[in-house]
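Fold and contact review
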Amino acid sequence: MTFSGRLATGTFFVVTVALAILLWRAERALRRDLEVDVQRQLERNATLVLRALPTGQAELQHVVRKLSLDADIRITVISSTGVVLADSDFPEGPLGAIENHLGRPEVQAALAGSVGHAKRHSATVGRDFMYVAIRGGPGVVRVAEDLERVDAIVHRSQWSVAGATALALVVGLCLALLAARSVSRPIIGLADAARSIAAGSEPRYPRPGIREIDVLVRALRDMHQQIEQRIADLRREQADSATILAAMAEGVIRADARGRVTTANAAARRILGYEGEDPMPDLAELFRAPDAHALVQAALEGTSSATTVLRVNDRTVELSAHALPDGGAVLVVRDITALRNLETVRRDFVANVSHELKTPLTSIAGYAETVLGDDLDSETRQRFLEIILANARRMQHLVDDLLDLSRIESGRWQPAPIAIDPAEVAREAWASLGRRASESGVALHIDVEPGLTPRLDPDAARQLFTNLFDNALRHTPHGGEISLSARLDAGGVELRVSDTGSGISREHLPRIFERFYRADPSRARAIGGTGLGLAIVRHLIESHGGRVWAESEPGRGTTIGMWVP
């Protein structure tokens, strides 16, 4: 039932009960007043009847009946012993056997000297009567009046009051409905506003003009504003969290208590090999390694454990799991492949540097001890000192290359590119290697498009060509050729340094630009070199925004290609 229906029904019930009580009280009051009037009238009639009674008993029944007809009342004359001497409800003549009335309360009261009153159903005539008895005459004179007239008056009054009551109920019900609607309309408006708030739409607040409901409307409006502010704060925090999560280099995975993945950021998908929005399996299938499975299971059971390292799709991954208070777990996946590779490179670098320095240091120390300890002829001494000097220069060259590489990688060196003539810079670099080139019988061929002036740092370009020519000379046999070509290509300049040397196997090509990497270590060390030349070339080209690559086949020479914007 609606609020207005309840309010109208309640009002109708209250009015009905109130009118019923009022009707009952009015009926009782009316009946009581009418009976009091009847009683007083009967007292007066009893006095008049007593005065009109004859002295002889023979005429008593006749007089009583005549007085009864005149006054329209019942008259009974009773002796002091309770015997009925005359009764207006019986015909003239001898009375039949009538019950002794001495025990009647009104008779007892009259015999006691007061006016007796009683109201009861008469068994003699079968109707309700009001009785009044007074002492006098042969004993007691009792008059009675049928209360049927009183009942009729009361009934007519009841019907009149009932009609007024019905009319009052109808009017009251109409007024209650109007009042209920006036009260329920703003409440319904409040309910509609609350539903709009729940649906996320803009609510319309009622204007009832009722103080209590106005307070409720203001409270609802304030609550709506607070909810909107809190939702805006939550959305902002959620957006910030999503942005942070998406920007993290570490993968983050959230799973429910059953191990089903509910959230995974882009880093986690990339590390674990899932593209876009591809669905991810449960944790039990996602991490099958025993250590990882035990770690994940412990987190799902509410225990945060230490990290573990595992291999996933050729990646080295560090996995840690943390239990959530409401069940489930958060997993942090960190790709440490580059870190492990860097550690490997560092170890290899230390080993390579140690090895590269050990050989010339051993030679220097050995020949120096020989020169100091033995009595050598001048020619032998001179030769030993030249070997010591060559190894010292070799060490100096290695240290210089290491310093150059460190300076470039750390960003302390920045190129200052200008337009250069690659042919001129190449000839300068070749001139610095002139003695070795002439001894090896290797010629330099330059093919540069006329007017081509790439923008390169001059010192960097000179070092580029020097390193590439030096490296080519070591691997090009006597009578071979080294060539430099330069041409425009795709918005930049392509430089190519080729030789007719021994070439490099295909499996070594991707790694020849690593520090100290040698396709044939024993042969490379035998012909000298630090193993850093091509690594320096790569860093110099990349610092100009370019790229470098190698093309080679065993026995058919090698080409180092470079492109700069």
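Preceding block: the structure.
Everything numeric in this text was worked out from a predicted model, so none of it was measured. (Residues numbered from 1 in each chain as written. Predicted model: local features only at pLDDT ≥ 70, side-chain atom pairs only at ≥ 80, totals over all residues. Heavy atoms only, no water.)

1. Focus on a negative patch on the surface
- Taken together, the side chains of Asp-374, Asp-375, Asp-377 and Glu-379 define an acidic patch exposed on the protein surface.
- Within the secondary structure, Asp-374 sits in the loop between helix H9 (337-373) and helix H10 (378-410). (Patch = residues over 30% accessible without salt bridge, like charges linked within 9 Å, V, L, I, M, F, W, Y side chains within 5 Å. Areas by Shrake-Rupley, 256 points an atom, 1.4 Å probe, with all protein chains shown as cover. Salt bridge = Lys/Arg side-chain N within 4 Å of Asp/Glu carboxyl O. Lys, Arg positive; Asp, Glu negative; His and termini not counted. Charge placed at Lys NZ, Arg CZ, Asp CG, Glu CD. Helix = DSSP H or I, 4+ residues; strand = E, 2+ residues; numbered from the N terminus.)

2. Section: the sheet that holds strand S12 (residues 443-448)
- Taking strand neighbours across the sheet as the criterion, the five strands line up as S12-S14-S15-S17-S16 in an open arrangement whose pairing is mixed. Each edge of the open sheet is held by one strand with a lone partner, namely S12 and strand S16 (547-552). Averaged over neighbouring strand pairs, the angle between their axes works out to 15 degrees when direction is ignored.
- Alignment of S12 against strand S14 (residues 481-489), held across six bridges, turns out to be parallel. Bridge assignment links Ala-443 to a residue of S14, and that residue is Glu-481.
- The strands touched by helix H15 (residues 533-543) within the sheet are S16 and strand S17 (558-564), with S17 carrying the most contacts at an inclination of about 20 degrees. (Pairing = 2+ DSSP bridges. Axes fitted to C-alpha atoms, helices over the stretch in contact; angles between N-to-C directions. Contact = heavy atoms within 4.5 Å.)

3. Overview of the packing of aromatic side chains
- Within the structure shown, the criterion is met by four aromatic pairs.
- When the centroid spacing of 4.8 Å and the interplanar angle of 65 degrees are considered together, the rings of Tyr-367 and Phe-384 count as edge-to-face. Highlighted residues: Tyr-367 in helix H9 and Phe-384 in helix H10, separated in sequence by 17 residues.
- For Phe-384, a relative accessible area of 11% translates into the label buried.
- With 6.0 Å between their ring centres and 15 degrees between their planes, Phe-465 and Phe-469 make a pair best called stacked. Linking Phe-465 with Phe-469, this pair stays in helix H13 (residues 458-475), spanning four residues, or about one helical turn.
- Using a relative accessible area of 0% as the deciding quantity, one classes Phe-469 as buried. (Phe/Tyr/Trp six-rings, centres within 6.5 Å; stacked < 30°, edge-to-face > 60°. Buried < 20%, exposed > 50% of the residue type's maximum accessible area, 1.4 Å probe, protein only.)

4. So, the nonpolar core
- Ranked by internal contacts, the top residues of the largest apolar core, which has 46 residues, are Phe-465, Phe-469, Ile-482, Ile-560 and Met-562.
- Elements that contribute at least two residues to this core include exactly H10, helix H11 (422-431), H13, S14, strand S15 (492-499), H15, S16 and S17.
- When near neighbours in sequence (up to four residues on either side) are disregarded, Ile-560 contacts Leu-468, Leu-495, Arg-496, Val-497, Ile-512, Phe-513, Leu-534, Val-548, Trp-549 and Ala-550.
- In terms of nonpolar packing, the next biggest core, distinct from the first, is built from 23 residues, Ala-255, Ile-271, Leu-272 and Leu-300 among them. (Core = buried A, V, L, I, M, F, W, Y, C linked by side-chain atoms within 4.5 Å.)

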